[in-house]
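Secondary and tertiary structure notes
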2 protein chains.
Amino acid sequence: MLLTRASEYALLALDIIRNSEKPKGAEQLSNELSIPKSFLAKILQGLAKEGILESKKGAHGGFVLVKKSSEISIASIVIAAEGKTPAVFDCSQYSATCPNGIIGSCTISPFLVTFQSKVDTFLQKLTLEDIFN
Amino acid sequence: MLLTRASEYALLALDIIRNSEKPKGAEQLSNELSIPKSFLAKILQGLAKEGILESKKGAHGGFVLVKKSSEISIASIVIAAEGKTPAVFDCSQYSATCPNGIIGSCTISPFLVTFQSKVDTFLQKLTLEDIFN
DNA sequence: CTAATTAAGACTATTTTACTCTAATTTATA
DNA sequence: TATAAATTAGAGTAAAATAGTCTTAATTAG
Ligand code: SF4
Ligand code: SF4
């Protein structure tokens, strides 16, 4: 699985948030989507940290979009939700996790790197607006 | 992670096997690649079942390629190694695992399906020969 | 016959994912 | 200014997937 629940929940929540005038609270979103509140809250906090959402504390608080849908890439959302960019494989980003220490001379490494870059590009080019239209 | 160790080991092993005249045993491969023998054996058995490798039992046995490298898609290897096609997400193949039962009306499902199909196509078009050249 | 090898399947260990819980902080508004 | 409604932070837990192990059986070249 390239994506986890975190990305799913982030995208589902963002679709609701972008269609709302007022800030949407974590509890309200979790009800509408039938997903665990604490978990969703965590994810939304992550999106806020990355500057995708603005969070308003206190009564009548909640989350609102800061940018236009067309200015938010799916890549940025997924990275914020997962805490890292989704990897095709351990070493597909040269993250130095080769158990054999053979990165560089590995026969399949070039394939993995190309594959990863295809995925990266796909996600970077797509925006929130794209996927909901 | 879209791919697991099983795919990595399968590909690394296949590169050695295709460059060998004689059948390659699981033990020999596991030594050359420094990967656990039992685990590799399991994976090779899977490749044999899918008709990617031929296995020869008994003394001087081992594994050989049955088709030409250019006739073996990476997709078929990965499917054999993983036991299933690598999924972008739970529901990206309409495998009916939607916890909300909203497949069909889900706002992000179209995106997931397109993403999955991009990945599928990429892996289907690539052959063993391609990635080692 | 026998040593070398694959086959099959149950089992275990490790890691990652998917949460949960509690306490602290902020803020609109009554 | 008190209060209730929210986010924030971080530790902790449960479940699932990954990555392996082990043992026994079946083949087969020599
Ligand atoms: S051996 Fe190759 S594929 Fe495996 S981790 Fe190292 S670089 Fe990556
Ligand atoms: S809600 Fe949408 S994304 Fe989530 S599992 Fe169901 S169909 Fe897939």
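Refer to the structure presented above.
Report on the accompanying structure. Quick caveat, the model's predicted, so the values are computed rather than measured.

1. Considering unusual backbone geometry
Residue and element names in this part refer to chain A. Unlike most non-glycine residues, Ser-34 shows phi in positive territory, near 55°. Its place among the elements puts Ser-34 in the loop between helix H2 (26-33) and helix H3 (37-49). Take Ser-34: its relative accessible area is 57%, and that puts it in the exposed class.

2. Brief notes about the protein's contact with DNA strand D
Surrounding DNA strand D, one finds 23 residues, the nearest of these being A:Ala26, A:Lys42, A:Ser55, B:Thr4 and B:Pro36. Backbone sugar and phosphate groups make up 66% of those atoms of DNA strand D lying within 4 Å of the protein. Between A:Ser55 and DNA strand D, the recorded distance is 2.5 Å, taken from a side-chain N or O atom to a phosphate oxygen. B:Tyr9 is positioned such that a nitrogen or oxygen atom in its side chain is 3.0 Å from a phosphate oxygen of DNA strand D. Only H3, strand E1 (53-56) and strand E2 (62-65) of chain A together with helix H1 (5-18) and helix H3 (37-49) of chain B provide two or more residues apiece to the surface near DNA strand D. Of the residues assigned to the surface near DNA strand D, the class counts are 7 nonpolar, 9 polar and 7 charged.

3. Some points on the protein's contact with DNA strand C
As a structural note, the neighbourhood of DNA strand C is formed by 26 residues, with A:Thr4, A:Pro36, A:Phe39, B:Lys42 and B:Ser55 the closest of them. Among the atoms of DNA strand C close to the protein, meaning within 4 Å, 66% are from sugar or phosphate groups. A distance of 3.3 Å is found between a phosphate oxygen of DNA strand C and a side-chain nitrogen or oxygen belonging to A:Thr4. Contact distances for DNA strand C include 3.0 Å between a phosphate oxygen and a backbone N or O atom of A:Arg5. Elements with a contribution of two residues or more to the surface near DNA strand C: helix H1 (5-18) and H3 of chain A together with H3, strand E1 (53-56) and strand E2 (62-65) of chain B. Counted by class, the surface near DNA strand C contains 7 nonpolar, 11 polar and 8 charged residues.

4. Quick look at the interface of chain B and chain A
Taken together, the contact pairs 31 residues of chain B with 31 residues of chain A. Regarding the contact of chain B and chain A, the summed buried area is about 3,100 Å², with carbon and sulfur atoms giving 72% of it. Of all residues in chain B, B:Met1, B:Phe89 and B:Phe111 give up the largest surface area on contact with chain A, accounting jointly for 22% of the area buried on that side. The interface formed by chain B and chain A includes 2 salt bridges. Note that A:Asp90 and B:Arg5 form a salt bridge whose closest N and O atoms lie 2.6 Å from each other. If you look at where chain B meets chain A, you find 11 residue pairs in polar contact (both at pLDDT 80 or more). Put simply, the parts of the chain that give the side of chain B that touches chain A at least two residues each are H1 and helix H5 (109-125) of chain B. The leading source of residues in the side of chain B that touches chain A is H5(B), at 7 residues. Of the residues contributing to the side of chain B that touches chain A, the split by class is 22 nonpolar, 4 polar and 5 charged.

Calculation notes
- Residues numbered from 1 in each chain as written.
- Chains lettered and ligands numbered in written order.
- Predicted model: local features only at pLDDT ≥ 70, side-chain atom pairs only at ≥ 80, totals over all residues.
- Heavy atoms only, no water.
- Helix = DSSP H or I, 4+ residues; strand = E, 2+ residues; numbered from the N terminus.
- Buried < 20%, exposed > 50% of the residue type's maximum accessible area, 1.4 Å probe, protein only.
- Near = heavy atom within 4 Å.
- Polar contact = N/O pair within 3.5 Å; in protein donor to acceptor, adjacent residues only side chain to side chain.
- Nonpolar A, V, L, I, M, F, W, Y, C, P; charged D, E, K, R; others polar.
- Contact = heavy atoms within 4.5 Å.
- Buried area = accessible area lost by both parts, 1.4 Å probe.
- Salt bridge = Lys/Arg side-chain N within 4 Å of Asp/Glu carboxyl O.

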